[in-house]
Amino acid sequence: MKVLNITSHSEEQTEALARKLAASFVAGDVVVLKGSLGSGKTTFVRALVGARGIDENTVSSPSYTFVNEYQADTPVFHFDFYRIGETSELYEIGWEEYLGRAGLILAEWGERAGELLPPRYYQIELKIVNENERQIDITLVQA
């Protein structure tokens, strides 16, 4: 397990980090975004998706629809599992099918997928330090 720890002092720095990381992810990668409400998960996703050629203004958290699809050279599938009660609900929204598609999966509250996560994925945890500052820990998780 490799960990990169970064302190962001503003929303703009968090967005800049996401844009820099965007090119590092390839089709088939799963990125779990973990953090409390208001920690910056959707902000991070919006900037990352924007760096992949998708209009950032079209990116919103799929809290009620569970997944938004964005078309680019590599499609981006943006999940939000905040409202998932049990992992069995992931079967209903086609989680396993998405894992088999050639796209990049970004999953807010993705840790709620539990044992349904693939054996290899990235976890980006955003922790609120104060109003503007975030501690961002990036981990490559391998079973």
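Computed from a predicted structure; not experimentally measured.

Analysis parameters
- Residues numbered from 1 in each chain as written.
- Predicted model: local features only at pLDDT ≥ 70, side-chain atom pairs only at ≥ 80, totals over all residues.
- Heavy atoms only, no water.
- Phe/Tyr/Trp six-rings, centres within 6.5 Å; stacked < 30°, edge-to-face > 60°.
- Helix = DSSP H or I, 4+ residues; strand = E, 2+ residues; numbered from the N terminus.
- Buried < 20%, exposed > 50% of the residue type's maximum accessible area, 1.4 Å probe, protein only.
- Pairing = 2+ DSSP bridges.
- Core = buried A, V, L, I, M, F, W, Y, C linked by side-chain atoms within 4.5 Å.
- Contact = heavy atoms within 4.5 Å.

**What to know about the packing of aromatic side chains**
Per the counting criterion, the structure on display carries 7 aromatic pairs. Residues F25 and Y122 carry aromatic rings whose centres are separated by 5.1 Å and whose planes lie at 70° to one another, so their mutual orientation is edge-to-face. With F25 in the loop between α1 (11–22) and β2 (30–35) and Y122 in strand β6 (residues 120–128), this residue pair connects regions lying 97 residues apart in the sequence. Given the relative accessible area of 17%, Y122 is considered buried. Ring geometry for F81 versus W95: centroids 5.2 Å apart, planes at 80°, classification edge-to-face.

**Some points on the pairing of strand β4 (residues 76–80)**
Within β4, 5 of the 5 residues are buried, which leaves it mostly tucked inside the rest of the structure. Burial along β4 is two-sided: the residues V76, H78 and D80 and F77 and F79 are all buried. Direction of pairing for strand β3 (residues 67–70) relative to β4: antiparallel, over a ladder of 4 bridges. Along β4, the bridge assignment pairs Y70 with V76. Adjacent in sequence and paired antiparallel, β3 and β4 are bridged by 5 residues.

**What about the nonpolar core?**
One finds F25, V31, L33, F44, L48, L106 and I124 to be the most contacted residues of the largest nonpolar core, which totals 23 residues. Among the elements of the structure, α1, β2, α2 (41–51), β5 (104–108), β6 and β7 (134–142) are those that each provide at least two residues to this core. No other element matches the 5 residues that α2 contributes to this core. Aside from chain neighbours lying at most four places away, what touches L48 is A18, A22, F25, L104 and L106. Listed in part, the 20 residues of the second largest apolar core include F81, I105, W109 and Y121.

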